[in-house]
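# Per-entry structural report
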Amino acid sequence: MLKAGRRGVAVAVTGVLLFTAPPARADDVRGGQEAVISTLALTQAWRSSTGAGVTVAVLDSGVDPGHRDLAGSVREGKDFTEGANPPGTPPSRLHGTYMASLIAGHGHGPGRKRGIIGVAPDADVLSVRVILEDEEPGFRAFNSAERFENVVARGIRYAVDEGADVINMSISKELATREERAAVRYAISKGVVLVAAAGNEGDRQVEGDFAPYSYPAAFPGVVSVGATDRRLRRASFSNWNSSVLVAAPGVDIMGAGPGDEYWVGRGTSQATALVSGVAALIKARYPDMSPPLVARALAAGATDRPPGGYDTATGFGVVNAARALTEASRLARHTETATGAQAQDPSRPVTGGPSAPVRVVVRDEGRITAYTAVAGGAAAGALAALAVIFILVRRVRRAHISQGA
């Protein structure tokens with residue numbers, strides 16, 4: 001069953017919405033973002049990157065392209081939920097708009113000082129609809145019909161083919177499918193960074209010392225994001241397990257909703273969107289950086305690290321955009337992508353088989369001669385020792401025979 005985040009319902013968008021209200025004053029919304037802006041060090045990060053030229057695919061319930069804080073930045077892509085709702089039912093697009101605003105909201109008004117400012121305000125958004133809100137009439141049909149089982153896998157492949165640089169998935173599933181695993185592998189092979197929510201079942205401990213895994217966050221190669229509270233500790237609802245790479249604020253997060261409204265909510269959804277925004281800043285600055293290196297920059301640049309450097313609650317710590325960009329600048333000259341005839345195709349499973357001979361690049365004749373001499377001397381010494389032992393054994397045996405006679 002696909003989950004999209006409101007805790008406590010069958011299909012939950014990984015965030016809980018608390019209230020909605022249009023701002024009464026110009027600074028109401030932006031003021032509500034101050035904690036996030038400070039925690040992620042966005043003011044410093046924006047000096048080197050604002051996300052320009054990057055496309056972030058938001059695999060969610062749809063994005064309102066007309067919201068004043070997103071206008072001009074949203075391209076509506078394919079709807080993979082088509083047929084679940086009765087004909088003529090408009091999508092509510094609540095959760096998707098909320099997530100998109102946290103990633104790429106650009107505000108409005110003079111100097112864009114009003115409304116939501118996203119982590120990557122100059123990035124573009126590709127809206128790909130892969131979930132329904134729980135209040136939509138087709139909600140139950142969507143979550144029970146087999147034909148919708150692999151909408152996330154199809155959405156990932158579609159987003160990659162449409163030119164996405166980052167894919168945000170503030171959604172979760174309890175069970176994985178082979179198609180989703182292959183889609184994740186495909187995206188990474190194309191250089192696309194995948195970011196997903198760790199899930200909101202953290203207060204439901206299961207076997208052992210961890211909370212449930214969720215997908216696609218738990219797939220290898222996906223940046224799995226946990227949520228922190230106001231004290232930057234694991235939020236009580238945030239899943240904690242070894243898939244969690246990093247964390248971000250996920251409590252009392254201000255965001256945009258359809259129809260120029262604003263929302264405050266909590267969940268790993270919001271934390272995931274913030275991390276996707278940081279990934280967009282990195283990809284804008286270093287467009288050729290591979291997904292593993294982007295993930296490494298996110299982890300290495302994290303602050304509020306747990307004792308020992310890592311734990312299952314917040315991973316390597318809380319994402320910091322400025323520090324992540326600094327780490328990315330250090331990593332930019334490296335690559336983790338193998339090339340050449342012997343490189344493994346990431347879209348195919350690893351298989352065994354005969355390996356090619358090792359080609360000798362440098363042959364140091366002097367060392368070879370020296371090592372050969374040492375080895376020869378050692379062999380001669382061993383033979384001499386065996387000869388001595390043989391002679392001694394024969395003498396002892398002869399003496400024994402003589403005494404017996």
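To keep things clear, this report deals only with the structure shown in the data block. These figures come from a predicted structure and were not determined experimentally. (Residues numbered from 1 in each chain as written. Predicted model: local features only at pLDDT ≥ 70, side-chain atom pairs only at ≥ 80, totals over all residues. Heavy atoms only, no water.)

### Quick look at the overall build of the protein
The criterion, for reference: Helix and strand definitions follow DSSP, with helices as H or I runs of at least four residues and strands as E runs of at least two, each counted in order from the N terminus. Using a 1.4 Å probe on the protein chains alone, a residue whose accessible area is under 20% of its type maximum counts as buried, one over 50% counts as exposed, and one in between counts as partly exposed. Contact criterion: two residues are considered in contact whenever any of their non-hydrogen atoms come within 4.5 Å of each other. For every accessible area listed, the method is Shrake-Rupley and the probe measures 1.4 Å; residues are considered covered only by the protein chains on display.
Along its length, the protein carries eleven helices and 14 strands. Residues classed as buried in the protein amount to 49% of the 405 residues present. Residue pairs in contact within the protein that sit at least 24 positions apart in sequence constitute 75% of those at least 6 positions apart. By element, 54% of the accessible surface of the protein is carried by carbon and sulfur atoms, the whole surface being about 19400 Å².

### Some points on the nonpolar core
To keep it simple, the criterion reads: The criterion is simple. A nonpolar core is a set of buried Ala, Val, Leu, Ile, Met, Phe, Trp, Tyr and Cys residues joined through side-chain atoms within 4.5 Å.
Within the largest apolar cluster, 62 residues are counted, with the highest numbers of intra-cluster contacts made by Val 223, Val 246, Val 275, Val 278, Ile 282, Met 289 and Leu 298. For this core, the leading source of residues is helix 8 (residues 268-285), giving nine residues. Apart from residues lying up to four places away in sequence, Ile 282 is in contact with Met 289, Val 294, Ala 297, Leu 298, Ala 324, Leu 325 and Ala 328. One finds Ala 57, Leu 132, Ala 164 and Ala 217 within the second-largest nonpolar core, a separate group that totals 31 residues.

### So, the side chain of Ser 224
By the element assignment, Ser 224 lies in strand 11 (residues 223-228). Given a relative accessible area of 0%, Ser 224 falls into the buried group. If near-sequence neighbours (up to four positions away) are discounted, Ser 224 is found in contact with Ala 196, Ala 198, Ala 217, Ser 243, Val 244, Leu 245 and Val 246.

### Describing the sheet that holds strand 4 (residues 74-79)
Note on sheets: strands pair through backbone hydrogen bonds, and any given pair is parallel or antiparallel. Test applied: A pair of strands is considered paired only if DSSP assigns at least 2 bridges between the two. Here an axis means a line fitted to C-alpha atoms, over the contact stretch when the element is a helix, while the angle between two N-to-C directions is reported on a 0 to 180 degree scale.
In space, the seven strands of this open sheet follow the order 4-7-3-8-10-11-12, with parallel pairing throughout. The open sheet has two free edges, formed respectively by strand 4 and strand 12 (244-249), since each of these has just one partner strand. Each strand of the sheet is rotated relative to its neighbour by a mean of 25°, with strand direction disregarded. Bridge count between strand 4 and strand 7 (residues 124-129): four bridges; the pairing is parallel. The partner of Glu 76 across the bridge, within strand 7, is Ser 127. Contacts from helix 9 (residues 291-300) reach strand 10 (193-197), strand 11 and strand 12 within the one sheet, and its direction differs from that of strand 12 by about 55°.

### Remarks on the packing of helix 9 against helix 10 (residues 321-331)
Basically, it comes down to this: Any angle that is under 35 degrees is reported as roughly parallel, and any over 145 degrees as roughly antiparallel; angles of 65 to 115 degrees are reported as roughly perpendicular and all others as oblique. By convention, the crossing between two helices is left-handed when the near helix turns anticlockwise from the far helix through less than a right angle, and right-handed when the turn is clockwise. All amino acids are sorted into three groups, where Ala, Val, Leu, Ile, Met, Phe, Trp, Tyr, Cys and Pro are nonpolar, Asp, Glu, Lys and Arg are charged, and the leftover types, Gly among them, are polar.
At a minimum axis distance of 8 Å, the contact between helix 9 and helix 10 shows a crossing angle of 135°. In terms of orientation, helix 9 and helix 10 fall into the oblique class. For the pair helix 9 and helix 10, the crossing hand works out as right-handed. For the pair helix 9 and helix 10, contact is made by Leu 293, Arg 296, Ala 297, Leu 298 and Ala 300 and by Arg 323, Ala 324, Glu 327, Ala 328 and Leu 331, respectively. Looking at the contact of helix 9 with helix 10 residue by residue, the classes come out as seven nonpolar, no polar and three charged.

### A closer look at the pattern of salt bridges
Selection criterion: We count a salt bridge whenever a side-chain nitrogen from Lys or Arg sits within 4 Å of a carboxyl oxygen from Asp or Glu.
Within the structure shown, the criterion is met by nine salt bridges. Asp 79 serves as the salt-bridge partner of Arg 129, at 3.4 Å between the closest nitrogen and oxygen. Note that Arg 129 is positioned in strand 7 and Asp 79 in strand 4, a separation of 50 residues in sequence. Asp 252 is the salt-bridge partner of Arg 230, the closest N and O atoms lying 2.9 Å from each other.

### Some remarks on helix 7 (residues 178-189)
Since one α-helical turn is 3.6 residues long, residues separated by three or four positions face the same way. For the record, the criterion: To estimate the expected span of a helix, subtract one from its residue number and multiply by 1.5 Å.
Look at helix 7: 17 Å from first C-alpha to last across twelve residues, which is about the 16 Å you get at 1.5 Å a residue. The inward-facing, buried residues of helix 7 abut helix 6 (151-161), strand 9 (172-173) and strand 10. Gly 191 sits one or two residues past helix 7 and shows a positive phi near 85°.

### Section: the pairing of strand 7
Among the six residues of strand 7, five are classified as buried, and the element is accordingly described as predominantly covered. Bridge analysis of strand 3 (residues 55-60) against strand 7 gives six bridges, and the strand direction is parallel. Across the sheet, residue Val 56 finds its bridge partner in strand 7, namely Val 125.

### Concerning the packing of helix 4 (residues 94-104) against helix 8
In the contact formed by helix 4 and helix 8, the axes pass within 8 Å of each other and the chain directions differ by 40°. With respect to helix 8, the element helix 4 is oriented oblique. In the packing of helix 4 onto helix 8, the handedness of the crossing is right-handed. The segment helix 4 lies against helix 8, with His 95, Tyr 98, Met 99, Leu 102 and Ile 103 engaging Ser 269, Gln 270, Ala 273, Leu 274, Ser 276 and Gly 277. Here the contact of helix 4 with helix 8 is built from residues that sort into six nonpolar, five polar and no charged.

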